[in-house]
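Structural description and commentary
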Amino acid sequence: MYVNGVNLGNWLVLEKWMSPGLFAGTTAEDEYYLPTQLSREAYEARIKIHRSEYITERDFTRIKAMGFDTVRIPVPYFIFGDRPPFIGCVEELDHAFNWAEKYGLKILIDLHTAPDSQNGFDNGGISGVCKWSQEPEEVEFELTVLERLAQRYGTREGLWGIELINEPILEDMWEGMNVEKRYPPADPEKARGSKPNTMEFIRRFYLDAYDRIRKYMPEDKYVVIHDAFRLKAWKDFMREDKYKNVVLDTHQYLMVAEMKGCPQTVEGYIQYIQSLGEDIKEMQQYFPVVCGEWCLFNSLAVGHDTRGGQSVLNGVEGMSQDVIGADRKKEIYTALCKAQLEAWKSGSGHFFWSYKLLIDTVNTSGWVGWDSWDVGRCSDFGWFSL
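Residues numbered from 1 in each chain as written. Predicted model: local features only at pLDDT ≥ 70, side-chain atom pairs only at ≥ 80, totals over all residues. Heavy atoms only, no water.

In total, this model carries 32 aromatic pairs according to the counting rule given. Their ring planes at 40° and their centres at 6.2 Å tell us that W294 and F384 sit as a pair that is tilted. Taken together, the residues span a long stretch of sequence, with W294 in strand β7 (residues 289-294) and F384 in the segment after α13 (375-380) at a distance of 90 residues. Taking the relative accessible area as the measure of exposure, W294 reaches 0% and is therefore buried. A residue is classified by how much of its surface remains accessible, and F384, at 4% relative accessible area, is buried. Ring geometry for F297 and W370: centres 4.5 Å apart, planes at 45°, overall tilted. Taken as a pair, F297 in the loop between β7 and α11 (299-302) and W370 in the loop between β8 (349-352) and α13 lie far apart in primary sequence, 73 residues in all. (Phe/Tyr/Trp six-rings, centres within 6.5 Å; stacked < 30°, edge-to-face > 60°. Helix = DSSP H or I, 4+ residues; strand = E, 2+ residues; numbered from the N terminus. Buried < 20%, exposed > 50% of the residue type's maximum accessible area, 1.4 Å probe, protein only.)

So this is what it looks like as structure tokens:
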């Protein structure tokens with residue numbers, strides 16, 4: 001098994017930075033607060049139009065033509081439409097399966113959010129709040145969502161696997177990302193009591209979730225667990241024979257390398273990436289390891305220190321015009337693309353984040369350099385090829 005994959009980020013789980021226009025006329029920073037600031041009609045219309053236009057059949061043909069074989073699709077905990085005021089999106093996922101099967105692609109369903117969030121990130125659904133693991137009834141709800149996904153798609157030809165939860169955060173990453181400052185909560189009262197998950201909780205959740213979905217999903221489909229930002233902490237986990245086809249997912253971004261003090265030079269990045277490749281190789285002895293999220297974005301090619309990938313939406317001033325020439329930019333990106341793809345070969349594959357985003361890096365001030373998150377643009381510019 002080796003996967004060349006891409007994420008369909010910001011389709012069924014919204015991320016404001018990837019599509020700021022969706023949040024126009026509101027102060028909402030995340031999906032949770034968007035419906036609180038729009039009328040029911042306006043909210044529904046906005047979401048339905050976005051979902052119908054953002055990803056279509058044509059995108060699946062493009063993904064196939066670019067050489068990808070698998071798509072990772074982030075879905076929200078309200079996918080089945082049972083958590084008002086949010087609108088379910090199971091029909092869109094049905095369409096994606098039909099397209100994938102028609103064009104010979106596979107799908108990794110990634111349960112990307114949890115009620116009251118598993119990480120406090122904007123992509124966890126609600127910024128600055130992280131209380132899900134402290135709420136037993138919501139943990140149970142999340143397990144039922146996984147169970148229903150397995151029931152509905154477990155035997156589909158297009159299913160590659162199901163990822164149990166995206167990026168649950170532990171104490172070290174909570175502090176390293178400075179979550180409360182980077183993602184200030186809109187309602188401090190709601191955020192009260194937020195704290196990182198414990199490793200004990202995450203492990204228990206993975207074991208329970210595995211049992212719940214294997215009832216409906218054949219053993220040849222993969223169960224994917226995220227490393228909770230600790231790649232090498234899983235050597236003693238799920239060693240028993242009953243656990244079949246479990247894949248370890250690690251997310252590796254150069255902006256996180258920068259946060260850890262990686263020099264913002266091509267040589268610095270490559271050294272960091274090579275050492276990552278060694279870690280993946282080590283963990284590949286225990287699980288197939290995939291890099292479920294990565295991209296080409298880095299501060300060097302942007303032309304200034306983005307402070308760990310913070311954008312104009314974080315109140316960090318971005319570049320409004322290119323200071324790095326097109327040739328130099330291509331040099332940086334192609335070198336880093338090659339090094340990362342090489343590192344992922346130490347494991348069992350990768351999924352680029354993301355297929356597309358809707359920011360205008362030309363007409364909107366502050367977004368210069370952010371096109372390197374969009375694999376379609378990266379491919380068109382000659383920065384990325386498999």
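Here the narrative resumes, following the displayed structure.
With that out of the way, let us pick up helix α3 (residues 90-102). If you check α3, its first and last C-alpha atoms are 18 Å apart, about what 13 residues at 1.5 Å a residue would give, namely 18 Å. Within α3, burial applies to V90, E92, L93, D94, A96, F97, W99 and A100. The secondary structure elements touched by the buried residues of α3 are α1 (40-54), α2 (57-65), β2 (70-75), β3 (106-111), α4 (136-153) and β4 (159-163). Once α3 ends, the next one or two residues include G104, with phi positive near 70°. (Expected span 1.5 Å × (residues − 1). Contact = heavy atoms within 4.5 Å.)

Bringing the UniProt feature "domain: Glycoside hydrolase family" (unreviewed entry) in the chain into the picture now. Those places that UniProt annotates as "domain: Glycoside hydrolase family" (unreviewed entry) correspond, in this numbering, to residues 53-295. Between the first and last C-alpha atoms of residues 53-295 the distance is 24 Å; the span itself is 40% helix and 14% strand. (UniProt positions renumbered as here; feature names shortened; annotations may be inferred.)

Most of strand β6 (residues 246-251) sits out of view: six of its six residues are buried. As judged from the four bridges shared by β6 and β7, these two strands associate in the parallel manner. By the bridge assignment, T250 is partnered in β7 with C291. (Pairing = 2+ DSSP bridges.)

The next thing to look at is the sheet that holds β3. Here we have eight strands rolled up into a closed barrel, ordered β1-β2-β3-β4-β5-β6-β7-β8, and parallel in their pairing. With strand direction ignored, the average angle separating the axes of adjacent strands in the sheet is 25°. Here two bridges tie β7 to β8, and the two strands are oriented parallel to one another. Bridge pairing links C291 to H350 in β8. (Axes fitted to C-alpha atoms, helices over the stretch in contact; angles between N-to-C directions.)

With that out of the way, let us pick up the nonpolar core. In terms of nonpolar packing, the biggest core is built from 131 residues, with I73, L93, I109, F205, Y206, W234 and W373 touching the most fellow members. Of all the elements, helix α8 (residues 199-214) adds the most residues to this core, at nine residues. Setting aside residues up to four positions removed in sequence, Y206 forms contacts with L164, I165, P168, I225, H226, W234, F237 and M238. (Core = buried A, V, L, I, M, F, W, Y, C linked by side-chain atoms within 4.5 Å.)

As a further point, take the pattern of salt bridges. Charged atoms that come close allow side chains of opposite charge to pair. Under the definition given, this model contains 28 salt bridges. For D94, the salt bridge identified is with R152, shortest N-O distance 2.8 Å. Pair noted here: D94 is in helix α3 and R152 is in helix α4, with a separation of 58 residues, a long-range link. The class for D94 is buried, based on a relative accessible area of 18%. Judged by relative accessible area, which is 40%, R152 ranks as partly exposed. (Salt bridge = Lys/Arg side-chain N within 4 Å of Asp/Glu carboxyl O.)

The next subject is the side chain of Q340. Here Q340 is to be found in helix α12 (residues 326-344). Look at Q340 and you get buried, because its relative accessible area is 1%. For Q340, the residues in contact, after removing those within four places along its chain, are Q252, L254, I273, W294, C295 and L296.

What follows covers the packing of α4 against α8. Two elements in contact, α4 and α8, have axes separated by 9 Å at closest approach and are oriented at 35°. Remark: the crossing between α4 and α8 carries right-handed chirality. On α8, the residues touching V139, E140, E142, L143, T144, L146, E147 and A150 of α4 are F201, F205, D208, A209, R212 and I213. Grouping the amino acids of the contact of α4 with α8 by side-chain chemistry returns eight nonpolar, one polar and five charged. (Left-handed = near helix turned anticlockwise from the far one by under 90°. Nonpolar A, V, L, I, M, F, W, Y, C, P; charged D, E, K, R; others polar.)

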